[in-house]
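Overview (structure and organization)
Okay, here's what each chain looks like letter by letter:
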Amino acid sequence: MSNNYTQRLPTTRREFLRMTGTGLGLLAFSAYAPRFLTDAAAANVPAPQKDKRILVLVQLAGGNDGLNTVVPYANDLYYNLRPRLGIKDVTTLHKLNDSVALAPPCGALANLAKDGKFAVLQNVGYPNPNRSHFRSSEIWETASDADAFLGDGWIGRYLDNCCEGAPADAHNHDPAAVHSTLTLPQTFFAKDSQNYFGISGNFRSNARQYQRKDGKAFKPLLDEFAEIAPPGDTGNFLSHTLMDALVTEKRVQKILDAYQPSATYPNAALGQSLKRVASLIASGLETRVYFCSQTGYDTHANQFNNHQRLLGDLSDSLAAFQKDLEAHGLDKQVLTMTFSEFGRRPYENDAQGTDHGTAAPLFVMSGALKQGGVIGEAPDLNIPAKGDLTYKIDFRQVYATVLDKWMETDPAAVLGQKFTELPFLG
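Here is a short report on the structure shown in this document. (Residues numbered from 1 in each chain as written. Predicted model: local features only at pLDDT ≥ 70, side-chain atom pairs only at ≥ 80, totals over all residues. Heavy atoms only, no water.)

Our focus in this paragraph is the overall build of the protein chain. A count of helices and strands for the protein chain gives 11 helices and 12 strands. For the protein chain, the residues scored as buried account for 58% of the 426 residues in total. Put simply, of all contacts in the protein chain between residues at least 6 apart along the chain, 72% involve residues at least 24 apart. (Helix = DSSP H or I, 4+ residues; strand = E, 2+ residues; numbered from the N terminus. Buried < 20%, exposed > 50% of the residue type's maximum accessible area, 1.4 Å probe, protein only. Contact = heavy atoms within 4.5 Å.)

Written out as structure tokens, the structure reads:
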């Protein structure tokens, strides 16, 4: 199943029913519409509870350069591998311990690390790494082995297998998961129909365009359902579902319009996405999982300034999000976790960039961390010419820890096997 699922608005009942048979459930059919919710097979949609813990996933799309993010400043080999890209002024770094430091733009995250609310997991990867953006992203999002191909994502499997069934009126509860990407992330792909919602881009503008451009298409579709299907039939249920999606959109827009953040978010896309996520969490929405993405990490050329800008946006956005949650008393209820499809090569290339690599650091952030700071070994840079980093932490160890200690479910039921858990959660 590709994560390039083409989305457009259906105009007939037949087309609507055909499109909902893709295994993705009732999703948004254009970049402007909300993510459509349940279908007639919604018996296994979870019913989240407001006191349950929440997971926020932040994708660093393109492959983040770990060595210029968590800098091994005490290792001369780092500077040998990167005579131009290496960050030589140690006074600008934010030291986490005697061997590694966060990059200069990440001061806000370093402060959270000092407070025990932010942790760096070093050398995260997987066996037999793949350097294709698409394939490695697929491996991370489905939690598969490098030689296995799964159609559903790890969060989709969690929702399928590890949550309570929905109440009888299944189409009137909050989304189980919300994403701020244009298309449904593969992380959310599920075998059962799940209750998802999307708030991609400028949600206010999208909503207006949706009403103006596509509003006329809904009326004949709903009229056709009403004419063809008797009360209680699938078509009647689907017409109600369609209307419920519109109600959900209006509810979300009302929440976003009314929200007054308690922190200043960057104007960059990630900061604005996290502000919207904070507003939905603070509103009491029962959603368990949120997904955001920051693009631009494929730094093959002229990396230094671009990468440092991205890290500054990341650091300031995450810190604002954490501050906002703290102001609402929600910082111990929310765990934020970053991931990227791979790291970069340890050596710089001739274009003053770095090429696709393997292992890289991963970040977790919460007021409920058991252990902040640095977890795991610094990268081994004593490698042959054109060599690469060797992972020490399998990314599925991170997922297993989150599933067990945070989402309170059996990791093996989701991941298909057991993995040694990590100490960042109690």
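Further remarks concern the sheet that holds strand β4 (residues 101-102). Ordered in space as β2-β4-β3, the 3 strands form an open sheet in which the pairing is antiparallel. Of all the strands in the sheet, the pair left with one neighbour each is β2 (70-71) and β3 (94-95). For β3 and β4, the ladder comprises 2 bridges, and the chain directions are antiparallel. Bridge assignment links Lys95 to a residue of β4, and that residue is Ala101. (Pairing = 2+ DSSP bridges.)

Attention now moves to helix α4 (residues 133-142). In terms of burial, α4 is largely enclosed, as 8 of its 10 residues are buried. What α4 keeps buried is the set Arg135, Ser136, Ser137, Glu138, Ile139, Trp140, Glu141 and Thr142. Of the residues flanking the end of α4, it is Ala143, one or two places downstream, whose phi is positive at about 60 degrees.

Burial of strand β9 (residues 334-339) is extensive: 6 of the 6 residues sit out of reach of the surface. Burial along β9 is two-sided: Val334, Thr336 and Thr338 and Leu335, Met337 and Phe339, pointing in opposite directions, are all buried. The pairing of strand β1 (residues 54-60) with β9 spans 6 bridges and is parallel. Bridged to Leu57 within β9 is Met337. In this structure, β9 lies alongside strand β10 (residues 360-365), joined through 2 bridges in antiparallel fashion. Note that in β10 the partner of Met337 across the bridge is Val364.

Turning next to the packing of aromatic side chains. Using the criterion set out here, one finds 10 aromatic pairs in the structure. Where Phe188 meets Phe291, the ring centres are 6.0 Å apart and the plane angle is 75 degrees; that geometry is what we call edge-to-face. Taken together, the residues span a long stretch of sequence, with Phe188 in the loop between β6 (177-179) and β7 (196-198) and Phe291 in strand β8 (residues 289-294) at a distance of 103 residues. Residue class for Phe188 comes out buried when judged on its relative accessible area of 0%. Since its relative accessible area comes to 1%, Phe291 is described here as buried. On the numbers, 6.0 Å between centres and 65 degrees between planes, the contact of Phe291 with Phe339 is edge-to-face. One end of the pair, Phe291, is in strand β8; the other, Phe339, is in strand β9, with 48 residues separating them in the sequence. (Phe/Tyr/Trp six-rings, centres within 6.5 Å; stacked < 30°, edge-to-face > 60°.)

Before going further, it helps to spend a moment on unusual backbone geometry. Most of the time, phi is negative for any residue but glycine, and the peptide bond is trans. At Asn128, a position not held by glycine, the phi torsion is positive, near 50 degrees. Structurally, Asn128 can be placed in the loop between β5 (118-125) and α4. For Asn128, a relative accessible area of 65% translates into the label exposed. The backbone phi angle of Ala143 is positive, close to 60 degrees, even though this residue is not glycine. The topology assignment puts Ala143 in the loop between α4 and α5 (154-161). The class of Ala143 is buried, set by a relative accessible area of 4%.

The next subject is the environment of Gln352. The topology assignment puts Gln352 in the loop between β9 and β10. Once residues lying within four places of it in the same chain are set aside, the contact partners of Gln352 are Arg84, Leu85, Ala301, Asn302 and Gln303.

Another aspect to go through is the pairing of β8. Across a regular strand the side chains alternate sides, sitting on one face of the sheet and then on the other. Counting buried positions along β8 gives 6 out of 6 residues, so the element sits mostly inside the fold. Burial along β8 is two-sided: Val289, Phe291 and Ser293 facing one way and Tyr290, Cys292 and Gln294 facing the other are all buried. As paired elements, β1 and β8 share 6 bridges and run parallel to each other. The residue bridging Leu57 from the neighbouring strand is Phe291, located in β8. Bridge count between β6 and β8: 3 bridges; the pairing is parallel. What sits directly across from Val178, in β8, is Tyr290.

By themselves, these observations are geometric and do not establish any function.
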